[in-house]
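For reference, the chains in residue letters:
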Amino acid sequence: MSTGSRNTWEAWARSVPPLACVSTREPCPDPMATATRLARAGLAGQYVVYEADGGVWHFAAGSDVSVTADTGGITARAAGRTWTSRTDGRPLAAFADALSALRDEDDEGSRGEENAGGRHFYGWAAFELAHLLHADPASAGDRPLLHALVPSVEVTLGGDSTVVRAVDEAWARKVADLLAEPAAGQPSARDEPVREGTEGIIAAGSAAYGRAVARTVGDIRAGLLEKAVVSRKVPLPAERHPDFPATYLAGRRANTPARSYLLDLGGYRAAGFSPETVLEVGDDGRVSTQPLAGTRALGADPAENERRRAELLSDPKEIHEHAVSVRLAWDEMAAVCRAGSVVVEEYMAVRPRGSVQHLASRVTGRLRPDTGPWDAFASLFPAITATGVSKRAALQTLARHEDGPRGLYGGAVFRGSTGGALDAALVLRTLIGTGDEAWLRAGAGVTAQSSPEREIEETCEKLRSVAPYLRFSAD
């Protein structure tokens with residue numbers, strides 16, 4: 001990938017301060033609550049909480065160093081300066097080039113990073129990037145498609161220790177003071193009563209959604225595609241202002257996500273409980289994707305949950321939906337991986353994800369020497385389980401039948417490193433906000449066997465992973 005002046009990105013990378021101050025503390029008894037408290041503290045203009053695999057939470061904050069790309073241009077900021085370049089319709093290539101310049105600085109040994117794997121960055125990719133990668137570029141719009149923050153302070157909250165990395169002592173002291181505060185007084189969101197009106201929120205727009213499902217079934221039966229994941233937007237009342245940190249804490253206590261995140265970043269606010277990853281790339285080039293497709297409700301009655309599980313494993317529509325998703329995931333992995341390295345390590349397991357249970361598989365491989373994490377991202381994004389099969393035809397179908405752009409929904413929130421690692425969570429089961437607007441969104445996989453009634457029911461089941469845990473500001 002090569003877009004933009006190499007000298008431009010080298011100059012930007014040289015202006016990015018290293019995280020020179022590193023300290024290790026005792027582990028926090030409740031890393032989830034601690035990460036949420038750091039987010040609420042308002043340390044900087046932008047922040048991210050990202051829950052990685054293994055119950056490790058990362059908190060990152062800053063506002064000085066960022067990269068933002070859209071269809072026409074890319075803007076990088078550091079040390080009070082701004083660098084811009086054209087993207088010529090290839091924003092992901094320009095974005096990858098800018099971030100790779102940070103890696104080049106690390107390789108020169110001038111950064112002083114005491115962090116295995118290099119410097120970390122956090123960001124998001126909007127769903128509309130998919131139109132540039134796989135379908136109609138004109139449908140990508142003119143809004144930002146990619147945004148990344150290179151933090152001024154990063155806190156890793158693990159089971160064995162708490163590690164603080166900061167650009168200077170002033171940042172390190174701010175975080176140390178917050179970590180030293182007693183846990184008492186933190187919002188106990190899990191103990192708050194469920195807000196009234198949850199089912200009313202969930203039902204909004206369901207009739208129009210049923211009509212969109214019926215039109216999509218018609219497209220599928222006409223041979224235009226095999227599957228499309230049609231979604232509906234559920235706006236929250238304009239007079240209510242969601243408390244994103246409190247919603248995150250309440251929702252995460254009740255959910256069982258593959259990843260979770262809380263952010264105020266690049267114009268979006270989000271609190272989400274992702275059921276799956278778009279991809280996971282290790283420093284060693286191992287790449288993995290985790291398609292989930294096929295859904296049944298998950299409630300408090302173990303016997304009913306088991307009945308639904310058995311139904312899920314034997315339902316022809318759900319099995320077909322899952323199988324075609326795994327097949328396409330294999331093809332997309334094979335496009336960037338070494339010949340013979342792609343395998344299905346897990347097939348049609350059942351995974352609990354909050355208020356639902358899903359059929360789940362995992363496809364893995366090894367990147368070719370001529371490919372890197374962003375090549376894998378370009379091949380796999382957006383997740384098959386948020387688009388459909390074929391991906392191009394599904395994107396065209398969604399552009400016809402969904403109401404307006406998705407934005408962050410169906411895109412990705414990611415954490416990566418200059419050492420080559422990239423962990424990207426699929427943005428589903430998420431409260432999203434921008435400006436004065438906030439909303440939920442949910443979709444269902446539509447196939448030739450779909451009925452509008454069942455797909456409406458499935459979106460309601462998924463919305464119950466978030467809607468009961470919404471918390472609002474007092475004002």
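The preceding data block contains the structure.
Here the residue numbering is sequential within each chain, running from 1 through the sequence in written order. With pLDDT at 70 or above as the cut-off, local features in this predicted model cover only qualifying residues; side-chain atom pairs require 80 or more to be listed or tallied, and sums for whole chains, interfaces and linings still use all residues. Only hydrogens and water are removed before side-chain values are computed, so all heavy atoms of the structure are retained for them.

Caption draft 1: Just the packing of aromatic side chains, in detail. Here a pair means two rings of Phe, Tyr or Trp (six-membered ring of Trp) with centres within 6.5 Å. Their orientation is stacked below 30 degrees between planes, edge-to-face above 60, and tilted elsewhere. Enumeration over the complete set of coordinates arrives at ten aromatic pairs. Through a chain of ring-to-ring contacts, the aromatic side chains of Phe-95, Phe-121, Trp-374, Phe-377, Phe-381 and Phe-414 assemble into a single cluster. In this analysis the charged atom, NZ for Lys or CZ for Arg, is taken to sit over a ring once it is within 6 Å of the ring centre and within 35 degrees of the ring normal. Directly above the aromatic system of Trp-171 lies the positively charged group of Lys-174, at a separation of 4.5 Å from the ring centroid. Here the basic side chain of Arg-406 rests over the ring of Phe-127, its NZ or CZ set 4.4 Å away from the ring centre.

Caption draft 2: Representation of the state of the cysteines. Any two cysteine sulfur atoms within 2.5 Å of one another count as a disulfide. Across all of its chains, the model carries zero disulfides by this definition. Between Cys-28, a cysteine without a disulfide, and Cys-21, which holds the nearest cysteine sulfur, the sulfur-to-sulfur distance is 19 Å.

Caption draft 3: Summary view of unusual backbone geometry. Along the chain, Phe-381 connects to Pro-382 via a cis peptide bond; the corresponding omega equals -15°. In the segment running from Val-389 into Ser-390, the intervening peptide bond is cis, with an omega of -10°. One non-glycine residue, Asp-88, lies in the positive phi region at around 50°. Think of it in three bands: with a 1.4 Å probe and only protein chains considered, a residue is buried below 20% of the maximum accessible area for its type, exposed above 50%, and partly exposed in between. For Asp-88, a relative accessible area of 53% puts it in the exposed group.

Caption draft 4: Structural context of helix α2 (residues 31-40). Judged by how many residues are buried, α2 sits mostly within the fold: nine of ten residues are covered. Elements are defined by DSSP. Helices are runs of H or I of four residues or more, strands are runs of E of two residues or more, and each kind is numbered from the N terminus. For α2, the complete set of buried residues consists of Pro-31, Met-32, Ala-33, Thr-34, Ala-35, Thr-36, Arg-37, Leu-38 and Ala-39.

Caption draft 5: The arrangement of the pairing of strand β14 (residues 277-281) in detail. The buried fraction of β14 is high, at five of five residues. As defined by bridge partners, β14 adjoins strand β21 (residues 422-426) across four bridges and the pair is classed as antiparallel. For Leu-279, the partnering residue across the bridge sits in β21 and is Ala-424. Taken together, the two bridges between β14 and strand β15 (residues 286-289) define a ladder with antiparallel strand orientation. Residue pairing across strands places Val-281 opposite Val-287, the latter belonging to β15. In sequence, β14 turns back onto β15 through a hairpin of four residues, with Gly-285 there showing a positive phi of about 90°. If DSSP finds at least two bridges between two strands, the strands pair.

Caption draft 6: Representation of the sheet that holds strand β10 (residues 162-166) within the structure. Within the open sheet, the eleven strands sit side by side as β1-β10-β9-β3-β2-β12-β13-β22-β23-β11-β19. Their pairing is antiparallel. In the strand order of this sheet, the two ends are held by β1 (21-25) and β19 (388-389), each with one partner. As judged from the five bridges shared by strand β2 (residues 46-52) and strand β12 (residues 259-265), these two strands associate in the antiparallel manner. Within β12, the residue paired with Tyr-47 across the bridge is Asp-264. α2 contacts β2, β3 (56-62), β9 (153-157) and β12 of the sheet and is inclined by roughly 10° relative to β3. By definition in these notes, contact holds between two residues if any of their heavy atoms fall within 4.5 Å. Angles here are taken between N-to-C directions and fall from 0 to 180 degrees, while the axes themselves are lines fitted to C-alpha atoms, restricted in helices to the stretch in contact.

Caption draft 7: Inspection of the pattern of salt bridges at higher detail. When a carboxyl oxygen of Asp or Glu is within 4 Å of a side-chain nitrogen of Lys or Arg, the pair counts as a salt bridge. On inspection of all chains with the given rule, the structure shows 35 salt bridges. The partner of Glu-304 in a salt bridge is Arg-307, and the shortest N-O contact between them spans 2.7 Å. With Glu-304 and Arg-307 both in helix α9 (residues 302-314), this residue pair falls three residues apart, about one helical turn. Given the relative accessible area of 42%, Arg-307 is considered partly exposed. Among the ionic pairs, Arg-454 bridges to Glu-457, the shortest N-O distance being 3.3 Å. One end of the pair, Arg-454, and the other, Glu-457, are both in helix α13 (residues 452-463), three residues apart, so they sit about a helical turn from each other. On the basis of relative accessible area, Arg-454 is assigned to the buried category, the value being 18%.

Caption draft 8: The environment of Gly-141, seen in detail. Here Gly-141 shows up in the loop between α4 (129-134) and β8 (146-149). Judged by its relative accessible area of 43%, Gly-141 is partly exposed. Distance from Gly-141 to Ser-152, taken between C-alpha atoms, is 31 Å for residues eleven residues apart in sequence.

Note that every value here comes from positions in space, so none of it alone points to a role or purpose.
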